Amino acid sequence: MARRTAAKVMQSALDATSGQTSASCDMRQYTNIAVQGIAASLDQADGTLTIEGSIDGTNWDALATATTFGSGSTNELIFITGVYCQYVRVVWAEGTNTAGTITTKIQFTGLN
């Protein structure tokens, strides 16, 4: 049996010096999410990346514990399985960072 892969991958480049929220993505046909956060030139070690889900696209809750990024350039990979909400988005909280960027890549798998 062939591996069933995602039909889409989302990528967002966010300014790490202020709170940012990616566009939401409709994931009705998928059940698993892989999120890669790539931070560059952060000057503090307290910025966090949170994956949120929503059934209605209005009310959002964290799907996993927020991931904290260290200062400098770091890379974090977050896996979430068994997601059954319709919408997903990524939220960056800058902490005390005054420099840097955060790029997020989201891949959806597990076709229903």
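Residues numbered from 1 in each chain as written. Predicted model: local features only at pLDDT ≥ 70, side-chain atom pairs only at ≥ 80, totals over all residues. Heavy atoms only, no water.

Draft legend 1. Geometry of the nonpolar core. Ranked by internal contacts, the top residues of the largest apolar core, which has 23 residues, are I33, V35, W92 and F108. When residues in this core are grouped by element, the largest group, four residues, is from strand 4 (residues 32-42). Not counting residues up to four positions away in its chain, the partners in contact with V35 are L49, I51, E76, L77, I78, V90, K105 and I106. (Core = buried A, V, L, I, M, F, W, Y, C linked by side-chain atoms within 4.5 Å. Buried < 20%, exposed > 50% of the residue type's maximum accessible area, 1.4 Å probe, protein only. Helix = DSSP H or I, 4+ residues; strand = E, 2+ residues; numbered from the N terminus. Contact = heavy atoms within 4.5 Å.)

Draft legend 2. Spotlight on the pairing of strand 1 (residues 9-15). Side chains M10, S12 and L14 of strand 1 all project onto a buried face; the interleaved residues V9, Q11, A13 and D15 project onto a face where none is buried. Note: strand 1 against strand 10 (residues 101-109), seven bridges, orientation antiparallel. Paired with A13 across the bridge in strand 10 is T103. (Pairing = 2+ DSSP bridges.)

Draft legend 3. Layout of the packing of aromatic side chains. A complete count under the given rule lists two aromatic pairs for this structure. Summarising the aromatic geometry, the rings of F69 and W92 are spaced 5.7 Å apart at their centres and angled 70° between planes, so their arrangement reads as edge-to-face. Taken together, the residues span a long stretch of sequence, with F69 in strand 7 (residues 67-69) and W92 in strand 9 (residues 87-93) at a distance of 23 residues. Take F69: its relative accessible area is 0%, and that puts it in the buried class. (Phe/Tyr/Trp six-rings, centres within 6.5 Å; stacked < 30°, edge-to-face > 60°.)

Draft legend 4. View of unusual backbone geometry. The backbone of S41 sits at a positive phi, close to 60°, despite the residue not being glycine. Mapped onto the elements, S41 comes out in strand 4.

Draft legend 5. Highlighting the environment of T98. Mapped onto the elements of the fold, T98 is located in the loop between strand 9 and strand 10. Between the C-alpha atoms of T98 and D43, which are 55 residues apart in sequence, the distance is 6.6 Å. If we ignore the near neighbours within four places in the chain, the residues touching T98 are T17 and D43. Reaching out from T98, the side chain makes a polar contact with the side chain of D43 at a distance of 2.3 Å. (Polar contact = N/O pair within 3.5 Å; in protein donor to acceptor, adjacent residues only side chain to side chain.)

Draft legend 6. Looking closely at the sheet that holds strand 4. Taking strand neighbours across the sheet as the criterion, the four strands line up as 1-10-4-8 in an open arrangement whose pairing is antiparallel. For this open sheet the edge positions go to strand 1 and strand 8 (72-80), each flanked by a neighbour on one side alone. This sheet shows a mean twist of 10° between the axes of neighbouring strands, independent of strand direction. (Axes fitted to C-alpha atoms, helices over the stretch in contact; angles between N-to-C directions.)

Draft legend 7. Spotlight on the pattern of salt bridges. Using the criterion set out here, one finds two salt bridges in the structure. Between R89 and E52 there is a salt bridge whose closest N-O contact spans 2.7 Å. Placement of the pair is R89 in strand 9 and E52 in strand 5 (residues 47-54), with a sequence separation of 37 residues. (Salt bridge = Lys/Arg side-chain N within 4 Å of Asp/Glu carboxyl O.)

Any link to function would need more than the numbers given here.
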